[in-house]
Amino acid sequence: MFFVFWASKSRNLFARGVRFVGQIARPVAEDIIFNSVCVNLRQRKWKLLSQLAPSFTSSLLSGVFREFRNCPHLLLEFYQIIGGNEAMLDSLESCCVVIHVMVDKKNYDSALCLMKELIVTKGYLPLEISEALICCSGTYFQSSMSFYVLIKACTEIGATEDAYEVIKKMVKERIWIPIRAMNKYLSHLLRIGEFGKFWLIYRELNSYQCYENVNTYNLLVYALCKECKLSEAFSIFYKMLKKGIVPNVVGFNMLIDGACRANDLVLAEKVLQKMQKVSWGLVFPNIVSYNCLINGYCKRGKLEIAEKFLAIMVENDVKPNLRTYATLLDGYSRNGCIEKAFSLCSNMIKIGMVLNSAVYNSFIHFLYMEGDISGASLILSDMMEKHISPDKFTYSSITKGLCKRGLINEALKFHKWIRETNTPEDAFVYNILIDHLCRRNNMPGAKQLLCSMITLGLAPDQVTYGSMIDAYCKAGEIQSAVKIYMDMVKVNKEPNLVIYNSILDGLCRVDSLDHSSALIEEMKQRKIYDMISLNTLLNGFCNAGKIKEAFGLLTSMAKAGFLMNTVTYNIMINFFCKHQLFAHAKELVQVMRSHGIDPDSVTYTTILTCLSKYSGAEEVIQMHDFLLLEGVSPDKETYETIVFPMLAEACKG
């Protein structure tokens, strides 16, 4: 009996023992591997560690990295051996320790690659990584520059909001925001065109008393120049100087480029001349400085001054590059100096410069615009023989040239050839064709091209939609225009001011003034409206005879700080003339002059055309004389068809 009892108890003990061994076998095995890894790691036995790598788990590696966190050199060597191991990437803690080590050794590129792999390949959220970075930091690692790498990784993969969340996390955890991280995020916002958000984030970061360096100020100057706020850009630059921050050539070049874009070439020249003095003799003009000025003068047809700066450049030992010569060459060709352009091209070849697509594009653009299609075709052939790939500017020049000459079928055939040669396409060339077809009121053809774009996976942009909307509005097909507008909104394309103004004009053309007023209110709320918008609505009210609404709009314009311009006055003069209120029209001309606004040829034509319908020759001639005395420029055609015959008749009498 005893043996039976003992046997049954033994079986129970054995079963429990088996279960216990099963529970501890795996951890014990991992402990053995862990100890083996630690021993071999201390002795740097990399071959044995490579053999053990298939047995690594994420928990094991976390333990190893925790054990050796005070030996960063050793951990970095270990990571270089097992970096591609799947278990390594599964251990976020281990990866963050490695990132800290890499950053500590200023190996930012490797840290960035690992960070991107964690986000893109393994799917870790940037906030998860930031938490892990904080947990891993402490006595041995400083976390702030690791966060810079994380923010940089987010911006490079387009995770803008995630980067911002990481910055907010740093603020919350009172982690110092490195100036490089701040500048990286701000520059990313400018690169993707988020200027509004740029200023919001800058002010927010500034409230945390983040340190600003010369690169921060350069970003501010760049943003203001892009927004055409040149005086504010100079104010920021002087603020930087007052703080004792030494400017670099990049900041000066941004101001030069901004002044050139604002057509203030005298100011751009002054910046270049005073660069050395303002920077306490530390900064000198470089190739970019001179190229900006040469480009500015070439665009305005002042080629002699551009040549002068080329000479100054050489005198100051700044060697002109391909862009310098290509800019001058483009200036020559656009201003009709084709012989000078070819001469400069020959000199470029003589001094060993390899011509690029920009040089060829200048010749192709000029020849196509001049109608020399055979000459342009020869240039294109030479370009391809020399294995210089045509780009979108080449194709757009050819397409524009053919459209301008009325050769739309040839332009479409050329576009078909581009597609057949498997040339990478974008919306650029399509926009030229669609715009031309819209201008010719060939809406079926434009719609067909739009469908072709979508079928090929090319996303129509604001220009594409804008051309279609404008054409439908001008044709009075407002419903079709609104449908295109809705299609645009559905694909998250924000309408710009030009598109809003087209729709507003279309609504006014069909006397849908209630909808026009509602649209202008929406535009005001979005802060996307200008003088053109207000003048369009004013013209709509005047054409519909709604004089009360017209004067109400004029009052609200004045309150909002919009001063009446020549177009505004011409609209009101046209209204008075249509209602035979010529005395009021004359008074309005005098009011224009008193406010420093010059009446133009439209003013002249509007008054005299209407007056000739309702009055005799004497009144027309008197009005003509009055307008001349008020400084109005007469329109040649109006004078020859209305005034001159009346003067001739009066002389005969």
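Criteria and cut-off values
Residues numbered from 1 in each chain as written. Predicted model: local features only at pLDDT ≥ 70, side-chain atom pairs only at ≥ 80, totals over all residues. Heavy atoms only, no water. Helix = DSSP H or I, 4+ residues; strand = E, 2+ residues; numbered from the N terminus. Rg over C-alpha atoms; globule rule 2.2 N^0.38 Å. Buried < 20%, exposed > 50% of the residue type's maximum accessible area, 1.4 Å probe, protein only. Contact = heavy atoms within 4.5 Å. Areas by Shrake-Rupley, 256 points an atom, 1.4 Å probe, with all protein chains shown as cover. Lys, Arg positive; Asp, Glu negative; His and termini not counted. Charge placed at Lys NZ, Arg CZ, Asp CG, Glu CD. 1 Å grid on protein atoms, 1.4 Å probe; cavity = no way out; pocket = protein on both sides within 12 Å on 5 of 7 lines; lining within 4 Å. Points joined across faces, edges and corners; volume = space filled by probe spheres on them. Nonpolar A, V, L, I, M, F, W, Y, C, P; charged D, E, K, R; others polar. Core = buried A, V, L, I, M, F, W, Y, C linked by side-chain atoms within 4.5 Å. Axes fitted to C-alpha atoms, helices over the stretch in contact; angles between N-to-C directions. Parallel < 35°, antiparallel > 145°, perpendicular 65-115°, else oblique. Expected span 1.5 Å × (residues − 1). Arc of directions from axis to C-beta. Polar contact = N/O pair within 3.5 Å; in protein donor to acceptor, adjacent residues only side chain to side chain. Phe/Tyr/Trp six-rings, centres within 6.5 Å; stacked < 30°, edge-to-face > 60°. Lys NZ or Arg CZ within 6 Å of the ring centre and 35° of its normal. pLDDT = per-residue confidence, 0-100. Patch = residues over 30% accessible without salt bridge, like charges linked within 9 Å, V, L, I, M, F, W, Y side chains within 5 Å. Salt bridge = Lys/Arg side-chain N within 4 Å of Asp/Glu carboxyl O.

Our next topic: the overall build of the protein chain. The secondary structure content of the protein chain amounts to 37 helices and 0 strands. Here the C-alpha radius of gyration of the protein chain, 36 Å, is well above what a compact globule of 653 residues would show, namely 26 Å. If one aligns the C-alpha atoms of the protein chain with their principal axes, the spans along those axes are about 150 × 70 × 60 Å. Relative to its full complement of 653 residues, the protein chain shows a buried share of 46%. Of all intrachain contacts in the protein chain linking residues separated by at least 6 positions in sequence, the fraction that spans at least 24 positions is 61%. Summing over all exposed atoms, the protein chain offers an accessible surface of approximately 34700 Å²; the carbon and sulfur share of this is 55%. Side chains of the protein chain carry 71 positive and 64 negative charges; the gap between the two charge centres is 8 Å.

Turning next to the environment of Arg300. Looking at the secondary structure, you find Arg300 in the loop between α17 (287-299) and α18 (303-315). Between the alpha carbons of Arg300 and Trp199 there is a distance of 32 Å; along the sequence they are 101 residues apart.

A few words on the layout of surface pockets. Over the atoms, a rolling probe the size of a water molecule traces out where space has been left empty. By volume, the largest pocket amounts to about 980 Å³. Lining of the largest pocket is provided by 30 residues; of these, Asn295, Lys299, Arg323, Thr327 and Asp330 occupy positions nearest its centre. Contributions of two or more residues to the lining of the largest pocket are made by α15 (249-261), α17, α19 (322-334), α21 (357-369) and α23 (392-404). Among the residues making up the lining of the largest pocket, the classes are represented as 10 nonpolar, 12 polar and 8 charged.

Turning to the nonpolar core, a few remarks are in order. In this structure, Met115, Ile129, Phe198, Ile256, Met468 and Leu627 are the most contacted members of the largest nonpolar core, which totals 197 residues. The leading source of residues in this core is helix α6 (residues 92-104), at 9 residues. In terms of nonpolar packing, the next biggest core, distinct from the first, is built from 10 residues, Ile33, Leu49, Leu74 and Phe78 among them.

Okay, empty space enclosed by the protein next. Summed over the entire model, instances satisfying the criterion amount to 1 cavity of 30 Å³ or more. A volume near 30 Å³ is recorded for the largest cavity. What lines the largest cavity is Lys524, Tyr529, Leu534, Ser556, Met557, Ala560 and Phe562. The residue inventory of the lining of the largest cavity, partitioned by class, reads 5 nonpolar, 1 polar and 1 charged.

Even without a glycine there, the phi angle at Asn263 is positive, about 65°. Position of Asn263 among the secondary structure elements: in the loop between α15 and α16 (265-278). Of note, Asp511 is a non-glycine position whose phi angle comes to about 60°, a positive value. Along the polypeptide, Asp511 turns up in the loop between α29 (497-509) and α30 (513-526).

This paragraph deals with the packing of helix α14 (residues 230-242) against α16. For the pair α14 and α16, the least separation of the axes is 15 Å and the interaxial angle reads 5°. Compared by their axis directions, α14 and α16 come out roughly parallel. Contacts between α14 and α16 involve Leu230, Phe234, Phe237 and Leu241 from the first element and Leu267, Val271 and Val278 from the second. Residue composition of the contact of α14 with α16, grouped by class: 7 nonpolar, no polar and no charged.

Here we take up helix α10 (residues 160-172). The terminal C-alpha atoms of α10 lie 19 Å apart, and with 13 residues this matches the ideal 18 Å at 1.5 Å per residue to within 8%. All buried positions along α10 are accounted for by Thr160, Ala163, Tyr164, Val166, Ile167, Lys169 and Met170. Buried residues belonging to α10 abut α8 (126-136), α9 (144-156), α11 (179-191) and α12 (195-207). Directly after α10, the chain includes Arg174, whose backbone phi takes a positive value near 60°.

Since one α-helical turn is 3.6 residues long, residues separated by three or four positions face the same way. Spanning 13 residues, helix α28 (residues 478-490) covers 18 Å between terminal C-alpha atoms, matching the ideal 18 Å at 1.5 Å per step. Taken residue by residue, α28 has Ile478, Ala481, Ile484, Tyr485 and Met488 as its buried positions. Within α28, the buried residues cover an arc of 120° as seen down the axis, which keeps them to one side. Seen from the open side of α28, the exposed residues pointing more than 90 degrees away from its buried face are Gln479, Lys483 and Lys490. Buried residues belonging to α28 abut α27 (462-474), α29 and α30.

Attention now goes to the side chain of Ser333. When you line up the elements, Ser333 lands in helix α19. Within the structure, Ser333 has its side chain in polar contact with the backbone oxygen of Asp330 (distance 3.0 Å).

The next point concerns the packing of aromatic side chains. Using the criterion set out here, one finds 14 aromatic pairs in the structure. Measuring from centroid to centroid gives 6.3 Å for Trp199 and Tyr202, while their planes differ by 85°, and the two rings are edge-to-face. Linking Trp199 with Tyr202, this pair stays in helix α12, spanning 3 residues, or about one helical turn. Of the aromatic side chains, those joined through ring pairs into one cluster are Phe198, Trp199 and Tyr202. We note Arg180 situated over the ring of Tyr108; from NZ or CZ to the ring centre the distance is 4.9 Å. Over the ring of Phe428 we find Lys392; its NZ or CZ atom is 4.9 Å from the centre of that ring.

Counting all residues, the mean pLDDT for the protein chain is 83, and 90% of those residues have values of 70 or more. Mean pLDDT across the elements of the protein chain ranges from a minimum in helix α1 (residues 2-42), with 52, to a maximum in α15, with 95. Low pLDDT (under 50) marks residues 1-26, which in the prediction has 0 contacts with non-local residues, meaning those over four places away or in another chain.

A contiguous nonpolar patch, built from Val246, Trp280 and Leu282 and spanning about 330 Å² of accessible area, is present on the exposed surface. Topologically, Val246 is positioned in the loop between α14 and α15. A relative accessible area of 36% places Val246 in the partly exposed class.

Within the fold, Asn291 resides in helix α17. A polar side-chain atom of Asn291 sits 3.4 Å from a polar atom in the side chain of Asn321. Not counting the four nearest positions on each side in its chain, Asn291 is found in contact with Met313, Asn321, Arg323 and Thr324.

Per the counting criterion, the structure on display carries 20 salt bridges. Between Lys308 and Glu269 there is a salt bridge, with its nearest N and O atoms 3.8 Å apart. Here Lys308 is found in helix α18, whereas its partner Glu269 is found in helix α16, with 39 residues between them in sequence. A cluster of three or more residues bridged by salt bridges with shared partners is formed by Glu131, Lys169 and Glu173.

Here we take up the environment of Tyr124. As for its placement among the helices and strands, Tyr124 is situated in the loop between α7 (108-121) and α8. Here the alpha-carbon distance between Tyr124 and Ser333, two residues 209 residues apart in the chain, equals 54 Å.

So, on to the environment of Pro178. Examined against the element boundaries, Pro178 turns out to sit in the loop between α10 and α11. Between the C-alpha atom of Pro178 and that of Thr464, which follows or precedes it by 286 residues, the distance is 42 Å. Residues within four places of Pro178 in sequence aside, it is in contact with Ser144, Met145, Tyr148 and Met170.

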